[in-house]
Amino acid sequence: MTDAAAARATSALPDLPRDDVGPVFREPWEAQAFAIALSLHERGLFTWTEWAAALADEIKRAQACGDPDDGTTYYRHWLATLEKLVAAKGVVTLEDQHRYRDAWDHAADRTPHGSPIELRPEDFRPS
Amino acid sequence: MTEHDHHHHDHSELSETELRVRALETILTEKGYVDPAALDAIIQAYETKIGPHNGARVVAKAWSDPAFRQFLLEDASKAVGTLGHVSRVGDHLVAVENTPTRHNMVVCTLCSCYPWEMLGLPPVWYKAAPYRSRAVKDPRGVLADFGVSLPRETEIRVWDSTAETRFLVLPMRPEGTDGWNEPQLAELVTRDSMIGTGFPKRPGASS
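Quantities reported herein were computed from a predicted structural model and do not represent experimental measurements.

With that settled, the discussion passes to the confidence of the model for chain A. Here chain A shows a mean pLDDT of 89. Residues at 70 or above account for 96%. Between the elements of chain A, mean pLDDT differs from a low of 82, seen in helix H1 (residues 2-12) of chain A, to a high of 96, seen in helix H4 (residues 74-88) of chain A.

Here you go:
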């Protein structure tokens, strides 16, 4: 099922970094961001056409600000698109995204090296 | 990539992008939009497609080229860098060599301490608490679980990755590979052999 869903994504998104078999990732978080978008698409939150348009906007904006345009930053734009799109769809506000980002930062800070990092309620600062 | 330039000794660290991805995944999971197990399944499907995955190439080169082997053991980050692979995490790589009298294995529960650029994603068992605690207390028992048995007199050294340092095991070159070239040798190098929980494949054994 993953294969078919991924194949649809790769054919709908011509710029997706890939080898002759399918998508490739430079770092683990890129695969995670890819998986999240794939899941949301499978749920019907957006079509790949819609996604491609949002991503193209994001890339255009980044390039106007000096992005290298060599493919190495593709998933940075992917992640920014994901954040904006879920906010635009009313799924998660940008404020909540920041709150959770800060909470994870706090969780990492208090976690001794070598232990798994887990999010706890006290990681959320009162806003 | 400047996110990892600042290192701290005592606590964990996530890059800015990692924080944002985790934030999204957590909220979307809480709201029921994504299922972490389904995300894991997708990511596992691309296990071999993440990072340059050049550990096998590094090991094969060390087996074939004594000068490179020496360089790798002295300064693994620089040696790996000569292969044209530029990586931020590679700055802190140490290669530990298996010999007839010493076997090395590596532990750490955090994926961020795992040399994924060389080995791909960490296996699930590697991240599990039992592996980490048992590997230190009872390395021989853990190796036995992996079907690895070593002569009693072989010393087993367990290397615990730190925020600054990650380890790559340089396994022993299998017998019967005289005259093999690097790509042929690289085919024999398994992920587990570079963590120290396995051996390279033997020549002629099916993969």
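Once you've had a look at it, read on.
Another aspect to go through is helix H2 (residues 36-45) of chain B. In an α-helix, one full turn covers 3.6 residues, which means residues spaced three or four apart are oriented alike. Residues of H2(B) that are buried include every one of Leu39(B), Ile42(B) and Ile43(B), and no others. Considered in projection along H2(B), the buried side chains sweep an arc of 95° and stay on one side of the axis. If you follow the buried residues of H2(B), they end up packed against H1 and helix H2 (28-42) of chain A together with helix H1 (16-30) of chain B.

With that out of the way, let us pick up the packing of H2(A) against H1(B). Relative orientation of the contacting elements H2(A) and H1(B) amounts to 30°, with a least axis distance of 10 Å. In terms of orientation, H2(A) lies roughly parallel with respect to H1(B). Read as a crossing pair, H2(A) and H1(B) show a hand that is left-handed. Contacts between H2(A) and H1(B) involve Trp29(A), Gln32(A), Ala33(A), Ile36(A) and Leu40(A) from the former and Thr17(B), Glu18(B), Val21(B), Leu24(B), Glu25(B) and Leu28(B) from the latter. A per-class count over the contact of H2(A) with H1(B) returns seven nonpolar, two polar and two charged.

This part covers the packing of aromatic side chains. Each pair of aromatic rings is reported with the distance of its centres and the angle of its planes. Per the stated rule, a full pass over the model turns up 15 aromatic pairs over all chains. A ring pair is formed by Phe25(A) and Tyr46(B), whose centres lie 5.6 Å apart and whose planes are at 75°; its orientation type is edge-to-face. Highlighted residues: Phe25(A) in the loop between H1 and H2 and Tyr46(B) in the loop between H2 and helix H3 (55-64), drawn from two different chains. The exposure class assigned to Phe25(A) is buried, which follows from its relative accessible area of 3%. Relative accessible area serves as the criterion here: at 8%, Tyr46(B) is assigned to the buried category. Pairwise contacts between aromatic rings join Phe25(A), Phe34(A), Phe46(A), Trp48(A), Trp51(A), Tyr74(A), Tyr75(A), Trp78(A) and Tyr46(B) into one cluster.

What counts, and where the lines are drawn
Residues numbered from 1 in each chain as written. Chains lettered and ligands numbered in written order. Predicted model: local features only at pLDDT ≥ 70, side-chain atom pairs only at ≥ 80, totals over all residues. Heavy atoms only, no water. pLDDT = per-residue confidence, 0-100. Helix = DSSP H or I, 4+ residues; strand = E, 2+ residues; numbered from the N terminus. Buried < 20%, exposed > 50% of the residue type's maximum accessible area, 1.4 Å probe, protein only. Arc of directions from axis to C-beta. Contact = heavy atoms within 4.5 Å. Axes fitted to C-alpha atoms, helices over the stretch in contact; angles between N-to-C directions. Parallel < 35°, antiparallel > 145°, perpendicular 65-115°, else oblique. Left-handed = near helix turned anticlockwise from the far one by under 90°. Nonpolar A, V, L, I, M, F, W, Y, C, P; charged D, E, K, R; others polar. Phe/Tyr/Trp six-rings, centres within 6.5 Å; stacked < 30°, edge-to-face > 60°.

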